[in-house]
Amino acid sequence: MTHQKLTQKDIVDALQTLTEWTFEEEKLTRTFVFKDFQHAFGFMSMCALYAEKQDHHPEWFNVYNKVKVQLTSHDVSGVSQKDIDFAKKMDAFAAINQMN
Ligand SMILES: C[C@H](O)[C@H](O)[C@H]1CNC2=NC(N)=NC(=O)C2=N1
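Fair warning: this is a prediction, and the values are worked out from it, not measured in the lab.

**Quick look at the overall build of the protein**
- From N to C terminus, the protein includes 3 helices and 4 strands.
- Mapped from its N terminus to its C terminus, the protein presents α and β elements in the order α-β-β-α-β-β-α.
- For 100 residues, the compact-globule estimate of 2.2 N^0.38 gives 13 Å, and the protein sits close to it at 13 Å.
- Overall size of the protein, expressed as C-alpha extent along the three principal axes, is 40 × 25 × 20 Å.
- Taking all 100 residues of the protein together, 42% fall into the buried category.

Here it is, written out as structure tokens:
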């Protein structure tokens, strides 16, 4: 089964490659800092399209050039492979937009 709650060990293992991410409040967490609001919003737009396609949505908080993201899967009450995949995508989307 692909969609299930990952164990703490699975998450720690995944974080070996997601070096900018931490596990906080039971969620995959990262704050992205961009050049300005335009670049932050470009990033958020890319994430939004991916989220709709996957039917898997971020919890996030934006102020000007910063986007704090927390990923969790409500349906399994924890982190799933969908969150790991989304985190990797977000890193790629961030690299396309100009980060600080
Ligand atoms: C009804 C709809 O399919 C669900 O609410 C989807 C939408 N997006 C979601 N996003 C996230 N992060 N977790 C979910 O469990 C989830 N469920």
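There's more to say after this.
**Some points on the pattern of salt bridges**
- The full count for this structure, using the stated rule, is 4 salt bridges.
- As a salt-bridge pair, Lys9 and Asp13 come within 2.8 Å of each other at their nearest N and O atoms. Taken as a pair, Lys9 and Asp13 lie in helix α1 (residues 8-15) at a separation of 4 residues, close to a single helical turn.
- Exposure remark for Lys9: the relative accessible area of 57% places this residue in the exposed category.
- Note on Asp13: relative accessible area 39%, which makes it partly exposed.

**A look at the site of the ligand**
- Taken together, Asp55, His56, His57, Thr72, Ser73, His74 and Asp75 make up the full set of residues adjacent to the ligand.
- Take Thr72: an N or O atom from its main chain is 2.8 Å from a nitrogen atom of the ligand.
- In the complex, the protein chains occlude 60% of the 390 Å² of accessible area that the ligand would expose alone.
- Looking at side-chain class alone, the shell around the ligand contains no nonpolar, 5 polar and 2 charged residues.

**Examining the packing of aromatic side chains**
- One pass over the structure, following the stated rule, counts 7 aromatic pairs.
- Residues Phe34 and Phe43 carry aromatic rings whose centres are separated by 5.0 Å and whose planes lie at 35° to one another, so their mutual orientation is tilted.
- When its relative accessible area of 0% is taken as the criterion, Phe34 is described as buried.
- Relative to Phe41, the ring of Phe37 has its centre 5.6 Å away and its plane inclined at 40°; by these criteria the two rings are tilted. Here the residue Phe37 and the residue Phe41 both occupy positions in helix α2 (residues 37-54), the gap between them amounting to 4 residues, near one helical turn.
- Each member of the aromatic cluster is reached from another via a ring pair, and the members are Trp21, Phe32, Phe34 and Phe43.

**Details of helix α3 (residues 81-96)**
- Here α3 spans 23 Å end to end across 16 residues, near enough to the 22 Å set by a 1.5 Å rise per residue.
- Restricting attention to buried positions, one finds in α3 the residues Asp83, Ile84, Phe86, Ala87, Met90, Phe93 and Ala94.
- Elements that come into contact with the buried residues of α3 comprise α1, β2 (27-33), α2 and β4 (66-71).

About the thresholds
Residues numbered from 1 in each chain as written. Predicted model: local features only at pLDDT ≥ 70, side-chain atom pairs only at ≥ 80, totals over all residues. Heavy atoms only, no water. Helix = DSSP H or I, 4+ residues; strand = E, 2+ residues; numbered from the N terminus. Rg over C-alpha atoms; globule rule 2.2 N^0.38 Å. Buried < 20%, exposed > 50% of the residue type's maximum accessible area, 1.4 Å probe, protein only. Salt bridge = Lys/Arg side-chain N within 4 Å of Asp/Glu carboxyl O. Near = heavy atom within 4 Å. Polar contact = N/O pair within 3.5 Å; in protein donor to acceptor, adjacent residues only side chain to side chain. Areas by Shrake-Rupley, 256 points an atom, 1.4 Å probe, with all protein chains shown as cover. Nonpolar A, V, L, I, M, F, W, Y, C, P; charged D, E, K, R; others polar. Phe/Tyr/Trp six-rings, centres within 6.5 Å; stacked < 30°, edge-to-face > 60°. Expected span 1.5 Å × (residues − 1). Contact = heavy atoms within 4.5 Å.

In short, shape yes, function no, at least from these values alone.
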